[in-house]
Structures are given as structure tokens and as C-alpha cells.
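Tertiary structure, described
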Amino acid sequence: MSRDDAATAALARRLIDWQRQHGRHTLPWQQTRDPYRVWLSEIMLQQTQVSTVLGYYDRFLTRFPDVQALAAAPLDEVLALWAGLGYYSRARNLHRCAQAVVQDWGGAFPSTAAQLATLPGIGRSTSAAVAAFCFGERVAILDGNVKRVLSRVLGFGEDLAQTAAERRLWDIAEAQLPPAGEGVEAYTQGLMDLGATVCTPRQPSCLLCPWQDLCVARREGRPEAYPVKTRKLKRGRRSHALLWLTQGDAVFLVQKPATGVWAGLWTLPEFDDVDSLQAWLAEGPGPGEVGATFTHVLTHLDLALTPVRRALPVDSPLAQGPLLRWPTGRWVPRAALAEHGLPAPVRKLLDAGPT
DNA sequence: TTCCCGGACA
DNA sequence: TGTCCGGGAA
């Protein structure tokens, strides 16, 4: 074993020891090697914080206790349980993946990272996490936490917006793995825990870090300078008026198309602007009440949304014919709202208002 | 309020 | 390479 190999092994060993003493061990998806449970948690944790996932994971598992139950469920029901988590293509791929596991793998997840990565919604990092946690495979993850931790400790200063730099960091992540048979599970969990609880994006707690004495970023006195990422995201801006039509206890909702923003979720009918919405109302029930505009931010888009509320009398004929303009539309009583997947801002809007 | 963060896929 | 969300920190 060369000196570098020895140093690498010592680094991994220290992280493993730290994870066992100071890492997280009681998250709901940690007391199991069941690939279904681990996979579900990893998909939910993509782009999403642990504290957010905690509110969804158990509920989802109660409704879909195994991959067969999930595969057999209607997509709408999966989306309804996913509503509020964001990135709804994850829920579609989750559903497709469950069906692939049942149809192509006899209902049991494949046991290698390479095979897992062929399934919908499972990329290189997620496949590695499942394979390491469930099957002990010696394979590297590289999610946002790990990019930060590794680039800091090793002083990796290349721009991760460049594909070549990212590829090199993947190679480094593989080279840092502990030797075979030496606890890849605790090592992988340790990287996640370190990134989530110690080596945070801002104000990292370096004094709690098992690698503090050899961390390049700390020695340089600027841990927050890593990882290096140039990003020039110019956000576009779009505005809509939302028709908030109620009748008694019910609200009129339409289902979004299968692609695009909030794919497959239920929302209020959209107009290009308040004027065109009011023009439509003027032909029927009369003007609505214009609410305050609020902004919803997506990765490349600022959505400015203005709700316009109008209540219809209980037996109004307008509740039927004119609404045929929206083929997917339906009246949803308050009690049935939970069965419909609503985007977070729409859910908040409806919860805040009357009816 | 505004800023910042984070994987997979077409 | 652009497209997908929501929450938490500043």
C-alpha cells in the first residue's frame, strides 16, 4: 500500500468512526436495508431537505407499503401524495420505476448500482446510494453535499459548471472510497451527514469536523469558497391571472398537462392577464374580486400570479356550460381537496381564503 | 423581501 | 444545456 493509499484509507476510516459516533442514525429510512424504502427516501431527498421529506415519507409508505402497491396505484394518487414536494417529474418517474421493478425484475429491485441506474428517475448518484446502503456495494455517490465536502477537504477549485471538472470530481470520489469490506455504508452516510450538519454551505462548523486538521479549504481560511460553480441564470418573468371560482363549498380546478410546470397537478384556471380574465367573467357571472399579486419562483422563471375571486350562486347554470372551455376542469368540494395534488402556492392560496 | 440551495432527463 | 419547485437563511 502506497503512502497515498494509506492516507486515503485513514481519511475514510476517520469519517466512518465519526459517522458511528456523531452521525445521524434515527432517520425513518435508516433502520432498514429494504431497497424500496431506501430508494423512496433517496428520490424524495433529491433537491429536497430532510426536514421537508420527513413530512411526506411515512405518509407515503403507509399508503404504498411496498413496490407492488405503488406500481398498482393510479398516477393521480401518487401525485396527490407528492403534492408540495416539488419537482413532480420525480413522482412520475417513481411510479414508472415501481412498474418497471414489478414487470422487469419480478418485484425485487436489482442489486447493483449499474442495474439500478437503468431504472427511471435513478441516476448515477441515487443508484450508488441505494447500492451502498442496501447491498454494501463499494461505489461512490456525488450529490450536492458530497461535492461541497470533497471539494473543501481536498481544495478542489475547478469550476463544477464544467463537465470535465465534474467528471474529475467523480473520479476523486471513487478514489476516496474506503477499502473493500470496510464500511462503505457508514462512509456514504458519513459524507451525507457531514455535508448536512457540519460542512454546511454557509458558516460551516469546522471545529466539529473529523477532517479539520487536514482540510485544505479550512487551512486557506475560506471554506465557503468551495465548491466553485459559475452560474449565470437569468430568470425570465411571466405573469398569469388565476380564476378562483367558487360555488358553495367547492372550487373549480383544472389539471395541468403532463409536461411543463406543475405537470399533472391541479390548479386554478389560468389567463394571460387580469383584463382577459375579467372579460371572460363579464360575459357570465360579472366581475371578480382582484387579489394581491404574489410571485412564485422557479429555477428559470419568476411567476407573478394574481388571483381573481368570484363566487357563483349555488344553482347557477354558469357552473356548467361555460366551463367546458376547460376540458379537464371539475368542481372540487373542500373535503376532496386532499385527493388532488395542488402546487404549494395554490394550496396556500386556497387555505388562506374563504371556501 | 431577496438569495441560495439542490439530480435527472430531454 | 435548459427545465423542473419549495423551503430556509440572510
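Counting restarts for each chain: residues are numbered from 1 in the order of the written sequence. For naming, the first written chain is A and the first written ligand is 1, with later ones following in the order written. At least 70 in pLDDT is required for a residue's local features to be given in this predicted model, at least 80 for side-chain atom pairs to be given and counted, and no such filter applies to totals for whole chains, interfaces and linings, which use all residues. Side-chain numbers come from the whole structure's heavy atoms, not from hydrogens or water.

As recorded in an unreviewed UniProt entry, chain A goes by the name Adenine DNA glycosylase, listed as coming from Ideonella dechloratans. UniProt positions are given in the numbering used here, feature names are shortened, and annotations may be inferred rather than shown by experiment. Quoted verbatim from the Function (unreviewed entry) heading of the UniProt record, the comment on chain A is "Adenine glycosylase active on G-A mispairs. MutY also corrects error-prone DNA synthesis past GO lesions which are due to the oxidatively damaged form of guanine: 7,8-dihydro-8-oxoguanine (8-oxo-dGTP)." We quote the UniProt Sequence similarities (unreviewed entry) comment for chain A here in full: "Belongs to the Nth/MutY family."

This part covers the pattern of salt bridges. By salt bridge we mean one thing: a side-chain nitrogen of Lys or Arg within 4 Å of a carboxyl oxygen of Asp or Glu. Considering all chains together, one arrives at 14 salt bridges under this definition. Here Glu166 and Lys147 are joined by a salt bridge, their closest N and O atoms 3.5 Å apart. One end of the pair, Glu166, is in helix H10 (residues 163-175); the other, Lys147, is in helix H9 (residues 144-154), with 19 residues separating them in the sequence. A relative accessible area of 25% means that Glu166 is categorised as partly exposed. Each of Arg13, Asp17 and Glu182 takes part in one network of salt bridges that share partners. Helical segments are the DSSP runs of H or I of at least four residues, strand segments are the runs of E of at least two, and each set is numbered from the N terminus. The rule is simple: take the accessible area with a 1.4 Å probe, protein chains only, and divide by the maximum for that residue type; under 20% is buried, over 50% is exposed, in between is partly exposed.

It is worth spelling out the domain arrangement of chain A at this point. Structurally, chain A comprises domain 1 (3-225) and domain 2 (236-352). The domain boundaries here were taken from an automatic or database domain assignment. The C-alpha-based centres of domain 1 and domain 2 are spaced at 37 Å. Throughout, a contact is declared for two residues whenever any of their heavy atoms are within 4.5 Å. Counting residues at the interface gives eight residues for domain 1, matched by 14 residues for domain 2. In short, buried area is how much 1.4 Å probe accessible area vanishes from two parts on joining, totalled over both. On the domain 1 side of the contact with domain 2, Ala80, Tyr88 and Arg92 bury the most area, a combined 55% of that side's loss. Under this definition, polar contacts are N or O atom pairs within 3.5 Å; protein pairs additionally need one hydrogen-donor-capable and one acceptor-capable atom, and for neighbouring residues in sequence, both atoms have to be side-chain atoms. Taken together, the links from domain 1 to domain 2 amount to one residue pair in polar contact (both at pLDDT 80 or more).

Here we come to the environment of Asp17. Following the sequence through the fold, Asp17 ends up in helix H1 (residues 3-22). For the pair Asp17 and Gln49, spaced 32 residues apart in sequence, the C-alpha separation works out to 25 Å.

Turning our eyes to something else, we now look at helix H14 (residues 344-352). For H14, the set of buried residues is Pro345, Val346, Leu349 and Leu350. For H14, the buried positions fall inside an angular range of 130° around the axis, keeping them on one side. For H14, the exposed residues set more than 90 degrees away from the buried face come down to Lys348 and Ala352. Here, the arc refers to the directions that run from the helix axis to the C-beta atoms.

All right, on to unusual backbone geometry then. Of note, the bond from Tyr226 into Pro227 is cis; its omega dihedral lies within 30 degrees of zero at -5°. Inspection of the secondary structure puts Pro227 in the loop between helix H12 (216-219) and strand S1 (236-247). At Tyr87, a residue that is not glycine, the phi angle is positive and equals roughly 45°. Along the chain, the position of Tyr87 falls in the loop between helix H5 (75-82) and helix H6 (89-104). With a relative accessible area of 45%, Tyr87 lands in the partly exposed category.

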